[in-house]
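Survey of secondary and tertiary structure
Below are the chains, spelled out letter by letter.
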Amino acid sequence: MAITDFLPKEYGYVVIILVLYCFLNLWMGGQVGKARKRYNVPYPTLYAIESENKDAKLFNCVQRGHQNSLEMMPMYFILMILGGMKHPSICAILGLVYNVSRFFYFKGYATGDPMKRLTIGKYGFLGLLGLMICTISFGVTLIRS
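Residues numbered from 1 in each chain as written. Predicted model: local features only at pLDDT ≥ 70, side-chain atom pairs only at ≥ 80, totals over all residues. Heavy atoms only, no water.

1. Considering the packing of aromatic side chains
For clarity, the threshold we go by: Any two of the Phe, Tyr and Trp rings considered here, Trp counted by its six-membered ring, make a pair once their centres fall within 6.5 Å; the pair's planes then place it as stacked at under 30 degrees, edge-to-face at over 60, or tilted in between. Each helix is a run of DSSP H or I of at least 4 residues and each strand a run of E of at least 2, with the numbering of both proceeding from the N terminus.
Applying the stated rule across the entire model yields 9 aromatic pairs. For the ring pair Trp 27 and Phe 103, a centre distance of 5.4 Å and an interplane angle of 35° mean the geometry is tilted. With Trp 27 in helix H1 (residues 11–38) and Phe 103 in helix H3 (residues 88–109), the pair connects residues that are 76 residues apart, well separated along the chain. Considering the side-chain rings of Tyr 105 and Tyr 109, the 5.8 Å spacing of their centres and the 80° angle between planes classify their relative orientation as edge-to-face. With a gap of 4 residues between them, Tyr 105 and Tyr 109 both fall in helix H3, about one helical turn apart.

2. A short note on helix H2 (residues 56–86)
Basically, it comes down to this: An expected span of 1.5 Å times one less than the residue number is assigned to each helix. Note on bend: the value at a residue is the angle between axes fitted to the seven residues ending there and to the seven starting there.
Taking 1.5 Å of rise per residue, 31 residues should cover 45 Å, and H2 covers 45 Å from first to last C-alpha, within 8% of that figure. If you look at H2, its biggest bend is around 40°, right at Met 73, and the proline Pro 74 turns up within four residues after that.

3. Thoughts on the UniProt feature "transmembrane region" (unreviewed entry) in the chain
Defined as follows: UniProt positions are given in the numbering used here, feature names are shortened, and annotations may be inferred rather than shown by experiment.
Under the present numbering, the feature "transmembrane region" (unreviewed entry) in UniProt falls on residues 12–30, 76–100 and 120–143. When the span residues 12–30 is considered, its composition is 100% helix and 0% strand, and the gap between its end C-alpha atoms is 27 Å. Measuring from the first to the last C-alpha atom of residues 120–143 gives 37 Å, for a span that is 83% helix and 0% strand.

4. So, the nonpolar core
We count it as follows: To define a nonpolar core, start from buried Ala, Val, Leu, Ile, Met, Phe, Trp, Tyr and Cys residues and group those joined through side-chain atoms within 4.5 Å. Exposed residues in this analysis have more than 50% of their type's maximum accessible area, buried residues have under 20%, and partly exposed residues fall in between, with area computed by a 1.4 Å probe over protein chains only. It only takes one pair of heavy atoms within 4.5 Å for two residues to be counted as in contact.
Among the nonpolar cores identified, the biggest contains 29 residues, and Tyr 21, Phe 59, Tyr 76, Met 80, Leu 128 and Leu 131 are the most heavily contacted of them. Examining the composition of this core, we find that 9 residues originate from one element, H1, more than from any other. With residues near it in sequence (within four places) discarded, Tyr 76 still touches Ile 17, Leu 18, Tyr 21, Gly 95, Tyr 98, Asn 99, Leu 128 and Leu 131.

Dropping the structure here:
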């Protein structure tokens, strides 16, 4: 049995959107590396201490933008993978909304003003909510079948 026998062809969009998020995550990690050099925060220090580094807040905002994205990634991936099995096109669109909002979430956070992360970044939560609904629909379909 081929994988295409039980997954809709549109599921390919789900896969591509998830890989795009992987590239976004790598880019964010690179930005943290650059911030380490710029603000003199050596490894393995996760967060800079304000009493020891005048640029601590700037670095910590860059680091936190990436860290928050890492924290949300498992939930995002599982919702995309499962919800996309029944609603691949909808999940792909919601995933794209999430990816774009995550980029702006990170860029806003990296300014050093944490409130700027929500300017466009707040729309990622709508994407997640939509993915949750799609995944619940998939679960209900499995129970009823």
